[in-house]
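Residue-level structural notes
What follows is each chain in one-letter form.
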Amino acid sequence: MASEVARPENAPQHCPGTESEEAGKASACAGCPNQQICSTAPKGPDPGIALVKDRLEAVQYKILILSGKGGVGKSTVTGLLSRALAKSDSEKNVAVLDIDICGPSQPRVMGVVDEQVHQSGSGWSPVYVDDNLSVMSIGFLLGSPDDAIIWRGPKKNGMIKQFLSEVDWGKLDYLLIDTPPGTSDEHLSAVTYLSQANLTGAVIVTTPQEVALLDVRKEIDFCRKTKINILGVVENMSEFICPCCQKSSQIFKANTGGAEKMCQDLNVPFLGSLPLDPKVAKSCDNANDCFEEISDSPVLTALENIVKNLTAKCNEK
Amino acid sequence: MLESVKHIILVLSGKGGVGKSTVSTQLALTLVEKGYKVGILDVDLCGPSIPYLLQLEGNDVHQADEGWVPVYTDQTQNLAVMSIGFLLNNRNSAVVWRGPKKTAMVKQFLSDVCWGEIDYLIIDTPPGTSDEHITVMENLKGVKCDGAVIVTTPQEMSVEDVRKEITFCKKTGIAIIGLIENMSGFVCPHCTECTNIFSQGGGKSLADLAGVSYLGSLPIDPRVGELLGKACVKELPESPSAKAFGQIVDLIIKN
């Protein structure tokens, strides 16, 4: 990827590329509105990329959790997957990195709302939920739950770089990176910084209705444009089982065939679907370990299957 | 371009997927039913939902001498819509832009669309408190903005992010018209038992805590999601959702 020249879409014909030594100085640059920026900006790839590579050397699988749509359960699914992976084998180390800067949810999902991050000689120490499960989120750095992070892109970019290069994870088997909705700064930053760090791939989360799928298709397009391997799609909230009569109903109707159909159309793997269980939402709200609280929930059986598919996909790579 | 717009209302939420776009379209359609001329501006650039929700996908925006002509839902031209969805040639392609490019697009949406004489302009936003929001807020400084309607779902996960949005409004001086709690309860079609899937009461208690007015709660009704461009108050007049929308719109008009 480093050998590829980053050339803006609307660049003049013989643009040497914004990261080239010649940027802003070549003859083709004369008259380009960007000339001055190019000639003065530092050259070469961001030094952060190499730092991230070094820091994440000891992490076997690095997985992004993506979705174009908000509120489909990226954070909840990330939390469930990480707990399931950590519980499946106490020898395996799992960590969650939350790069949703404006709406961090991992502290709540993992039940560590009031914890704080400490600085040590080897970097930031993440918050440990269990012996083999750690979390890092901007939520730990805020003074009050009301604090809003009103940042434009470049500041978010800096924060993500720090999260990726300065957290002292130790040796990890799985690092799950939870992202905000969309295809913008956070995603581009993460992908850029992870470009040399051997990213395993992305898990895409969606709900069954077309309004969500519409945005999720854009996310799949994003993965293809940025050459991220798609490990598979998880459909969340696929059905609701009434706690009173045990009958199933579709709240978010799959009016265009749902996630499975979309996966067939776009030729991406389907990992499985998770039913909607109010008890899961409640247990996240109360910051409890839902594996102990809802051991009889259909969500857990479905999750087991997804974890099996996911680990198989990871091993393929 | 916004001088001929009488009222501007922002629809905000820190959290994604809580129903901002659905609420925006239903508020607009309810206002149209009441005889107002309305516009919807969709500034969610990475995930525009309004064209789909109003079944306007595939329409084009035209350039006229005065600026961009929005897409109208029908001949009466009572509802005008502008979204990046109309500018993309493929509904599946992603808009992979960093902040500055998004900022430029949002600025253009705010300054170059010729809305004409309309009573209400509803601005639907993406989740978060970042580039799009800062740009909208900065560019609305010169014009009269009525304020923001904030949408949340009841569970703590969502309320937590919405609190941040309220702080954003307070810091940037945007008045808060009120808070709507969406997806409050689900009535099982088999046994009519009402389950609070995403817990309950989170919206009300947040409104009390933050000192903003509470506009009402909307139950989960799969039929509303399937209306696609039709007004809930007209198609399902007896549903609790229609009553809630009617009440909320009355409060907004009175405001």
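Residues numbered from 1 in each chain as written. Chains lettered and ligands numbered in written order. Predicted model: local features only at pLDDT ≥ 70, side-chain atom pairs only at ≥ 80, totals over all residues. Heavy atoms only, no water.

**Considerations on the overall build of chain A**
Across its full length, chain A holds 11 helices and 12 strands. The C-alpha extent of chain A, read off along each of the three principal axes, is 75 × 50 × 40 Å. Within the span of chain A, comprising 317 residues, buried residues form 56% of the whole. In chain A, once contacts between residues fewer than 6 apart in sequence are set aside, the share between residues at least 24 apart is 76%. When the accessible surface of chain A is summed, it comes to about 13300 Å², and 47% of that surface belongs to carbon and sulfur atoms. (Helix = DSSP H or I, 4+ residues; strand = E, 2+ residues; numbered from the N terminus. Buried < 20%, exposed > 50% of the residue type's maximum accessible area, 1.4 Å probe, protein only. Contact = heavy atoms within 4.5 Å. Areas by Shrake-Rupley, 256 points an atom, 1.4 Å probe, with all protein chains shown as cover.)

**A few points about the interface of chain B and chain A**
Facing the 56 residues of chain B at the interface are 60 residues of chain A. When chain B packs against chain A, close to 4900 Å² is buried across both sides, 57% of that on carbon and sulfur atoms. A per-residue breakdown of the area chain B buries against chain A is headed by Arg98(B), Met157(B) and Lys164(B), which together make up 14% of the total. Remark: the boundary between chain B and chain A carries eight salt bridges. Between Arg108(A) and Glu156(B) there is a salt bridge, and its shortest N-O distance comes to 3.9 Å. Connecting chain B to chain A are 26 residue pairs in polar contact (both at pLDDT 80 or more). (Buried area = accessible area lost by both parts, 1.4 Å probe. Salt bridge = Lys/Arg side-chain N within 4 Å of Asp/Glu carboxyl O. Polar contact = N/O pair within 3.5 Å; in protein donor to acceptor, adjacent residues only side chain to side chain.)

**Considerations on the pattern of salt bridges**
Within the structure shown, the criterion is met by 22 salt bridges over all chains. Between Arg91(B) and Glu210(A) there is a salt bridge, with its nearest N and O atoms 2.9 Å apart. Of this pair, Arg91(B) sits in the loop between strand S6 (79-83) and helix H3 (99-112) while Glu210(A) sits in helix H7 (residues 210-225), placing the two residues on different chains. Glu210(A) gets classed as buried once you look at its relative accessible area, which sits at 1%. Several salt bridges share partner residues, and in doing so they unite Glu210(A), Arg217(A), Glu57(B) and Arg91(B) into one network.

**Re the UniProt feature "binding site: [4Fe-4S] cluster" (unreviewed entry) in chain B**
Here the UniProt feature "binding site: [4Fe-4S] cluster" (unreviewed entry) sits at Cys188(B) and Cys191(B). When sequence neighbours within four positions are dropped, the list of residues in contact with Cys188(B) reads Cys242(A), Cys245(A) and Glu193(B). Topologically, Cys191(B) is positioned in the loop between strand S10 (186-187) and strand S11 (194-195). Given a relative accessible area of 25%, Cys191(B) falls into the partly exposed group. In contact with Cys191(B), other than residues within four places in its own chain, are Cys242(A), Cys244(A) and Cys245(A). (UniProt positions renumbered as here; feature names shortened; annotations may be inferred.)

**Some thoughts on the UniProt feature "binding site: ATP" (unreviewed entry) in chain B**
All names here are of chain B. The sites that UniProt annotates as "binding site: ATP" (unreviewed entry) are Gly14, Lys15, Gly16, Gly17, Val18, Gly19, Lys20 and Ser21. Note on Gly16: relative accessible area 7%, which makes it buried. Within the fold, Ser21 resides in helix H1 (residues 20-33). Excluding its chain neighbours within four sequence positions, the residues that come into contact with Ser21 are Ser49, Ile50, Leu53 and Asp124.

**With respect to helix H9 (residues 278-285) of chain A**
All names here are of chain A. Along H9, the positions that sit buried rather than exposed are Pro278, Val280, Ser283, Cys284 and Asp285. A side-chain oxygen of the first residue of H9 lies 2.9 Å from the backbone nitrogen of Lys279; this N-cap is Asp277. Phi turns positive one or two residues past the end of H9, at Ala287, with a value near 60°.

**Here's the deal with the sheet that holds strand S5 (residues 127-130) of chain A**
Residues and elements named next belong to chain A. The strand order S5-S6-S2-S7-S1-S8-S9-S12 describes an open sheet built from eight strands, whose pairing is mixed. Looking at the sheet topology across the chains shown, the edges are occupied by S5 and strand S12 (270-273). Shown here is a sheet whose adjacent strand axes are inclined to one another by a mean of 20°, direction ignored. Relative to strand S6 (residues 133-137), S5 runs antiparallel, the two being bridged by three bridges. Looking at S6, one finds that Asp130 is bridged to Leu133. Strand contacts of helix H5 (residues 153-166): strand S2 (94-98), S6 and strand S7 (172-178), with the helix running at about 165° to S2, the strand carrying the most contacts. Together, strand S1 (59-66), strand S8 (201-206) and strand S9 (230-235) form the strand contacts of H7, whose direction differs from that of S8 by roughly 170°. (Pairing = 2+ DSSP bridges. Axes fitted to C-alpha atoms, helices over the stretch in contact; angles between N-to-C directions.)

**Digging into the confidence of the model for chain A**
When pLDDT is averaged along chain A, the result is 90, and 98% of the positions lie at 70 or above. Per-residue pLDDT, averaged within each element of chain A, yields its smallest value for helix H10 (residues 290-293) of chain A (78) and its largest for S2(A) (98). (pLDDT = per-residue confidence, 0-100.)

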